[in-house]
Amino acid sequence: MPYILAIILCIAADQAVKYYVVSHLALYDHAPLIPGIVELFHIQNTGGGFSILEGHTWVLTLLTAVLMVGIAAAMVKKLFPHPLAMWTLTAILGGGLGNLVDRVRLGYVVDMFNFQFMSYPVFNVADILVVCGTIGFAAYYLLLHDKETPAEEKEPENDLPDGGQ
């Protein structure tokens, strides 16, 4: 249940920031957020990250939907039961669904965060969730996944000095 609530909160946070930007900034308009570091810059992205497949929203919509169903299924089946894995998958699912809402509803994704000190694609809250969740899941998988022992394979602990006999 906490994962479902967190997914809903991720989607809500993403959509709230997008609503704010759309209602306060005209398309291609910008406003400082942290001067000299990041600004709000209202754009419509018909592609994926780094504008991959730009103009092919239906492909990205289908791909995102399939991936989100796969992640949701992995969470329901607890394929990765460790809390770190579950929370990182929660972030990925919340972010992916946030952008999926835009693609289905608008035909594009609203992006708004633009770094002023470097050249980097404009992104949104959902993108932050997906990237942070993916990095966290990769860290979990590389550092912890192989070290977990399923409960049924663990040796029973025996506190008796004679071995339990």
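Details of the structure are given in the entry above.
Draft legend 1. Examining the environment of N99 more closely. Secondary-structure assignment places N99 in helix α3 (residues 83–106). Residue classification places N99 among the buried positions, given a relative accessible area of 8%. Here the alpha-carbon distance between N99 and D14, two residues 85 residues apart in the chain, equals 8.3 Å. Ignoring any residue separated from it by four or fewer positions in sequence, one finds N99 in contact with D14, K18, V109, N124, A126 and D127. At a separation of 3.0 Å, a polar atom in the side chain of N99 contacts the side chain of K18. A distance of 2.9 Å separates the side chain of N99 from the side chain of D127, its partner in a polar contact.

Draft legend 2. Quick look at the sheet that holds strand β3 (residues 109–115). Strand order in the open sheet formed by 3 strands is β1-β2-β3, with antiparallel pairing between adjacent strands. Two strands in the sheet have a free side with no partner beyond their single neighbour: β1 (30–34) and β3. Direction aside, neighbouring strands of the sheet carry axes that sit 35° apart on average. Sheet topology note: the strand β2 (residues 38–45)/β3 ladder contains 6 bridges and is antiparallel. The partner of E39 across the bridge, within β3, is N114. Sheet strands in contact with helix α1 (residues 2–24) are β2 and β3, and its direction is about 85° off that of β3.

Draft legend 3. Seen up close, the nonpolar core. Among the nonpolar cores identified, the biggest contains 14 residues, and I71, M75, F80, L89, L93 and F137 are the most heavily contacted of them. If you list the elements that add at least two residues to this core, you get α1, α2 (57–76), α3 and α4 (125–143). At 5 residues, α3 tops the list of elements feeding residues into this core. In contact with I71, not counting residues within four places along its chain, are L89, I92 and L93. Counting residues in hydrophobic clusters, the runner-up holds 13 residues, among them C10, A91, F123 and V125.

Rules used throughout
Residues numbered from 1 in each chain as written. Predicted model: local features only at pLDDT ≥ 70, side-chain atom pairs only at ≥ 80, totals over all residues. Heavy atoms only, no water. Helix = DSSP H or I, 4+ residues; strand = E, 2+ residues; numbered from the N terminus. Buried < 20%, exposed > 50% of the residue type's maximum accessible area, 1.4 Å probe, protein only. Contact = heavy atoms within 4.5 Å. Polar contact = N/O pair within 3.5 Å; in protein donor to acceptor, adjacent residues only side chain to side chain. Pairing = 2+ DSSP bridges. Axes fitted to C-alpha atoms, helices over the stretch in contact; angles between N-to-C directions. Core = buried A, V, L, I, M, F, W, Y, C linked by side-chain atoms within 4.5 Å.

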